[in-house]
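These are the residues of each chain, in order.
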Amino acid sequence: MTVTQTTTEDRLSGLRAWQREAFEEYFRREPRDFLAVATPGAGKTTFALTLASELLRRHAVRAITIVCPTEHLKKQWAEAAARFGIPIDPEFRNGQGALGRQYIGAAVTYAQVAAHPMLHRNRTEARKTLVVFDEAPHAGDALSWGEAVREAFDPAARRLSLTGTPFRSDINPIPFVDYVQDGNGVRRCSWDYSYGYAPALEDGVVRPVIFMAYSGEMRWRTRAGDELAARLGEPLTQDALSQAWRAALDPKGDWIKKVLQAADRRLTEVRKTHPDAGGLVIASDHENARAYSRILRQITGKGATVVLSDDPTASKKISRFSAGDDRWMVAVRMVSEGVDVPRLMVGVYATSTSTALFFAQAIGRFVRVRKRGEVASVFLPSVPTLLEYAGEMERERDHVLDRLPSDEEYPEEDLMKEANRKRDTPEAGEELPFETMESAAEFDRALFDGNEYGGVPGSTEEEDFLGLPGLLEPDQVSQLLRKRNADLRASEIKARRGSAKEPDEGPTHEVVAELRRELSGLVGAWHHRTGKPHGVIHNELRRACGGPPVAQASPTQIRERIAQLRTWAVGRR
């Protein structure tokens, strides 16, 4: 069977600017290996299939193998390829050996390749093959997987690696990716074309994302029978943070119920301009996923689509939800990456996974734009690591070898895993399970474009943010949020001046909120002067002044950073 005959110009006419640039860069050199990095939602599939069509037309290749992380993505790739006139078999199994004559290629999973690498090597050697690695970092999920991928596809005529997140949380190398040594002797992955979130947002290719962070009081009983309490969003020891976070996500507590209710109210607002807009809750495990679905039924009167990794009908459920107009889907990991559900516009990050890789993949589910002006909203707990990621959406990351992540790079996830391990394997003499006794949610702040907004206890700001129009350009969102902050500050100043007695400095949480706003404004101004991402500026301030991330910093530490930033500004004049 042959590919539908179209000219090269026909293929390029419908491409976005970045896709055309990447296509032209590829055929300028025609390398055997090519790594294209493009932010989730930018259109990597369309780029890859356009390139594949051209390679087939030129007879540079005669077969295609697409390697995906999940079964669902195999079907998604086959459907997309069919629109290009490229017949791909998504049902190919190792046991069948040969591919049907009606197909030009097959879509397989990384696990499938690892199970029988020699079979896939033989297929690759039999015909000049283009291998497309979807979310290429998955090839390094285990050393054995990486070895199998190399063995299977070393003979390939061409290899195209695609990813929106070109980094891993470990030092397993990504097969067929070049690593270049930097000035510090550390090997970093090298890509052939990159299109990040910031330029994609500027081009209107992806949606802007507003993060809604929630704090609150947590109280729980340990396995030893001790009752402890902490406030999520305030400086905590790592152990206390992990347990408070666990209590917040516990479906028996009120925190997650309040956040789901707020997220559903936001979805209602968005559906005024986008009637089919949907929401996604990303859960830690199957038990919580089912419990969150029950809570959503209580809130909305309708059940949610629950997608679990061990459900053989999971792929059909995702497809049905994507094509319908139901309000909510709840999943564990099935939709963490690659799955294209463009109508997802509201999300709840209700998982304990806190690696940069997973966070980026998860948020990628909400940035796939259908038309300019769409705004996505993601609700999450006030956990320092998550807030840092949310404030660094524009940051470009890469995969490094030669060094392990620092002990404190992902402390919350390690602690959550340890807490869950203890729950599953109780020590001798312990009989009481971890028990959430109380969890309350309070709106903490909103984050957008690296800036923080809100943080004033007792105000109506949560209602303001939940009621933001669902159809705004990124600059309109920024203007609206800045104006709202300016109005709030003006009213606070007026209230102080109208007071007969000069008030004391005030409660610590109010002082911290005000200092965070001041620091955020200065960081934003420094960003515009220097071009540095907000997260990079915060990291430089931490190195200069010491102390924890801003979410955990004391008033004194925040004041030191404000003073340091002003010193830099004066020195630059």
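Throughout, residues of each chain are indexed from 1 in the direction in which the sequence is written. With the structure being a predicted model, the display of local features is reserved for residues of pLDDT at least 70 and the display and counting of side-chain atom pairs for 80 or more, all residues being used for whole-chain, interface and lining totals. Here the side-chain values reflect all heavy atoms present in the structure, with hydrogen atoms and water set aside.

Chemist: Give a detailed account of the overall build of the protein chain, specifying residues and quantitative values.
Modeler: The helix and strand labels rest on DSSP assignments: H or I over at least four residues marks a helix, E over at least two residues marks a strand, and numbering proceeds from the N terminus. Regarding its fold elements, the protein chain presents 20 helices and 19 strands. To sort residues, take the accessible area from a 1.4 Å probe on protein chains only and compare it with the maximum for the residue type: under 20% means buried, over 50% means exposed, and anything in between is partly exposed. Across the 573 residues that make up the protein chain, the buried fraction comes to 54%. Any pair of residues with heavy atoms lying within 4.5 Å of one another is described as a contacting pair. Looking at the protein chain alone, contacts between residues at least 24 apart form 75% of all its contacts between residues at least 6 apart.

Chemist: I'd like a rundown of the confidence of the model for the protein chain, residues and numbers included.
Modeler: Across the chain, each position has a pLDDT score giving the predictor's confidence in that residue, from 0 to 100. With 81% of its residues at a pLDDT of 70 or more, the protein chain shows a mean pLDDT of 82. Low pLDDT, under 50, characterises residues 397-401; the predicted model gives this stretch 34 contacts beyond four residues in sequence or across chains.

Chemist: Requested: an account of the pattern of salt bridges, with residues and values cited.
Modeler: We define a salt bridge as a contact between a side-chain nitrogen of Lys or Arg and a carboxyl oxygen of Asp or Glu at a distance within 4 Å. Scanning the entire structure with this criterion turns up 30 salt bridges. Between Arg231 and Glu442 there is a salt bridge, with its nearest N and O atoms 2.6 Å apart. Here Glu442 lies in strand β18 (residues 442-448) and Arg231 lies in strand β11 (residues 227-232), a separation of 211 residues in the sequence. For Arg231, a relative accessible area of 18% translates into the label buried. One connected set of salt bridges, linked through shared partners, spans Glu30, Glu54, Arg57, Arg58 and Arg158.

Chemist: Outline the sheet that holds strand β2 (residues 63-68), supporting the account with residue identities and numerical values.
Modeler: The strand order across the open sheet formed by 7 strands is β3-β4-β2-β5-β6-β1-β9, and the pairing between neighbours is parallel. In the strand order of this sheet, the two ends are held by β3 (88-89) and β9 (193-195), each with one partner. In this analysis, strands are considered paired if DSSP registers two or more bridges between them.

Chemist: I'd love a proper account of the packing of aromatic side chains, names of residues and values included.
Modeler: Here a Phe, Tyr or Trp ring, Trp counted by its six-membered ring, pairs with any other such ring whose centre lies within 6.5 Å, and the pair is stacked when the planes are under 30 degrees apart, edge-to-face when over 60, and tilted otherwise. Taken as a whole and assessed by the stated rule, the structure comprises 14 aromatic pairs. With 5.4 Å between their ring centres and 15° between their planes, Trp18 and Tyr195 make a pair best called stacked. With a gap of 177 residues between them, Trp18 in helix α2 (residues 17-29) and Tyr195 in strand β9 connect regions that are remote in the sequence. Summarising the aromatic geometry, the rings of Tyr214 and Phe443 are spaced 5.6 Å apart at their centres and angled 75° between planes, so their arrangement reads as edge-to-face. Pair noted here: Tyr214 is in strand β10 (residues 209-221) and Phe443 is in strand β18, with a separation of 229 residues, a long-range link. Here the aromatic cluster, defined as three or more aromatic residues joined through ring pairs, consists of Phe211, Tyr349, Phe358, Phe359 and Tyr389. A cation sits over an aromatic face here: Arg123 above Phe92, 4.9 Å from the ring centre. By the criterion adopted, a ring carries a charge over it if an Arg CZ or a Lys NZ lies within 6 Å of its centre and within 35 degrees of its normal.

Chemist: Tell me about the nonpolar core, residues and numbers included.
Modeler: Generally speaking, a soluble globular protein has its nonpolar side chains buried in company with each other. By size, the foremost hydrophobic cluster in this structure holds 126 residues, and its most contacted members are Phe47, Tyr214, Trp255, Tyr292, Val348 and Phe379. Sequence-distant contacts of Trp255, defined by excluding residues within four places in its chain, comprise Tyr214, Ser215, Met218, Leu232, Ala248, Leu249, Leu380, Pro381, Ser439, Ala440 and Ala441. Judged by nonpolar contacts, the second largest core, of 21 residues, contains Val67, Phe92, Ala106 and Phe133. Note on terminology: a nonpolar core comprises buried Ala, Val, Leu, Ile, Met, Phe, Trp, Tyr and Cys residues joined through side-chain atoms within 4.5 Å.

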